[in-house]
Amino acid sequence: MTETYGTPVQAGVRPIVAPIGAGEARIPALVRLPDERLLLFYDERPAPASGAGADFNGLTMASDLPNPNRIRWVERDEAGEWSAARPLPEGAPAVSSDACVGVDERGVMHLAFASAEGTVGYMDSRADGERLRAWWAWGSGPEDLTYADMTDALYEATGADALFATSGATASVDGDVAMPYVVRVGERTHVRVVYARGGRITRLADPLVGPDGILLDETAVTVWGGRVVANCRLQGFEGRGAGARYLAWGDGRRWAGGRVWQVEDPGCNACARGDVFVHPHERDARAGGMLVRLSAPWEGPIRARRLVSMGPGPFGYSDISGRGDEVVVVFERDRGLWEASFLPGR
């Protein structure tokens, strides 16, 4: 195992979004707007077609589409309290899932998400047939959005049979919002970072492919040490012991290098901001949330110093934001969303 060291501070956690009935609240995506508003987007999901909540794993993505998911959003005030949940404004498709959100240099918020018509999902989507849909929405905030169905443009640009924007907040790179997409062509997958500004595609990074046959999945993109860094989940484990992640770096268009990081990780999306990384720090379960500080992967084997523990309980998909010294992490637990707020120090 690559070295992980340090005694972490224990953070207090609290529930902030409860599921409705037998459903789930999942896939958190945090964004801070230029006026300092902190917003959380998430999936409101009904009970899946079969199985039990996040344990369901059928033809499509977990208990994702084509269930009639809907993206909701809440806002955190200066006192740290979250508002009641609100829907996306009029114009969104009836089904929406897996939000990815960021802000460009003009202060325009970009929200990318998936949708479906009928029963098509990720695994049965085809370039020349029924396809998982790709949507963008952009504007000054969640109350004022313009929508566009980007399916044709993105499938043509990437040659995909299926694609979806990976969940969570993302980085601004040279003024553009860098949105990582998982792209499947046939049975193979890779990651493409799509850049957006003012509601249009400005450029695409080269395909990011894992080494030695490793297939890459949901990816967090950040800017670190003057480089664009992609921190990638390995595909196919679904909470059953991936034991590694893949970190790649480059100039935002081309990838200069990559490194497999051996770490206690069950296979889960996670969040990165510079050299700070948050994930479920166990091998065989989505549990044991941990905030760690990483050494630069381009300098040699990765070392991780544990800074903050979010306890031994369940810890699924997560996202991170901060203002001043305060760090806010939102994560999945018990079919809902929980918050940890803390001052990690350095």
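Note that the structure is predicted; figures quoted are calculated from it, not measured. (Residues numbered from 1 in each chain as written. Predicted model: local features only at pLDDT ≥ 70, side-chain atom pairs only at ≥ 80, totals over all residues. Heavy atoms only, no water.)

**Observations concerning the pattern of salt bridges**
Inspection of every chain in the model, using the stated rule, returns 21 salt bridges. Across the pair Arg 32 and Glu 36 runs a salt bridge whose closest N-O atoms are separated by 3.9 Å. Judged by relative accessible area, which is 37%, Glu 36 ranks as partly exposed. Ionic pairing is found between Asp 152 and Arg 131, a salt bridge with its closest N-O pair at 2.5 Å. Residue Asp 152 is located in helix H1 (residues 151-158), and its partner Arg 131 is located in the loop between strand S9 (109-115) and strand S10 (133-141); the two are separated by 21 residues in the primary sequence. The buried category is assigned to Arg 131, whose relative accessible area is 16%. (Salt bridge = Lys/Arg side-chain N within 4 Å of Asp/Glu carboxyl O. Buried < 20%, exposed > 50% of the residue type's maximum accessible area, 1.4 Å probe, protein only. Helix = DSSP H or I, 4+ residues; strand = E, 2+ residues; numbered from the N terminus.)

**Topic: the confidence of the model for the chain**
With 92% of its residues at a pLDDT of 70 or more, the chain shows a mean pLDDT of 91. Counting contacts from residues 52-63, a segment whose pLDDT is below 50, to residues more than four positions away or on other chains yields 27 contacts. (pLDDT = per-residue confidence, 0-100. Contact = heavy atoms within 4.5 Å.)

**Regarding the side chain of Thr 158**
Inspection of the secondary structure puts Thr 158 in helix H1. Within the structure, Thr 158 has its side chain in polar contact with the backbone oxygen of Leu 154 (distance 2.7 Å). Here Thr 158 is in contact with Leu 163, Val 183, Arg 192 and Leu 204, once residues within four sequence places are set aside. (Polar contact = N/O pair within 3.5 Å; in protein donor to acceptor, adjacent residues only side chain to side chain.)

**Here we look at the nonpolar core**
Formed by 27 residues in total, the largest nonpolar core has its most connected members in Ala 112, Trp 136, Leu 154, Leu 163, Met 179 and Tyr 181. Here Ala 112 is in contact with Asp 98, Ala 99, Cys 100, Trp 135, Trp 136, Ala 165, Met 179 and Tyr 181, once residues within four sequence places are set aside. Of all hydrophobic cores here, the second largest spans 18 residues; its members include Ala 29, Leu 33, Phe 113 and Ala 137. (Core = buried A, V, L, I, M, F, W, Y, C linked by side-chain atoms within 4.5 Å.)

**Some remarks on the packing of aromatic side chains**
Scanning the entire structure with this criterion turns up six aromatic pairs. Measuring from centroid to centroid gives 5.6 Å for Trp 261 and Phe 277, while their planes differ by 65°, and the two rings are edge-to-face. Placement of the pair is Trp 261 in strand S21 (residues 255-262) and Phe 277 in strand S23 (residues 276-280), with a sequence separation of 16 residues. With respect to burial, Trp 261 and Phe 277 carry one shared label: buried. Aromatic ring contacts, followed pair by pair, group Trp 224, Trp 249 and Trp 298 into a single cluster. If you follow Arg 26 out to its NZ or CZ, it ends over the ring of Tyr 317, 4.9 Å from the centre. Directly above the ring of Tyr 155 sits Arg 131, whose terminal nitrogen or CZ lies 4.8 Å from the centroid. (Phe/Tyr/Trp six-rings, centres within 6.5 Å; stacked < 30°, edge-to-face > 60°. Lys NZ or Arg CZ within 6 Å of the ring centre and 35° of its normal.)

**Focus on the pairing of strand S20 (residues 244-250)**
The buried count for S20 comes to seven of seven residues, which makes it a mostly enclosed element. Alternating positions in S20 separate into two faces, Ala 244, Tyr 246, Ala 248 and Gly 250 on one and Arg 245, Leu 247 and Trp 249 on the other, with burial throughout. Here five bridges tie strand S19 (residues 227-234) to S20, and the two strands are oriented antiparallel to one another. Following the sheet pairing, Asn 231 is matched in S20 by Leu 247. With seven bridges joining them, S20 and S21 adopt antiparallel strand pairing. Bridge pairing links Gly 250 to Trp 255 in S21. Counted along the chain from S20 to the antiparallel partner S21, the turn is four residues long, and its residue Gly 252 has a positive phi close to 105°. (Pairing = 2+ DSSP bridges.)

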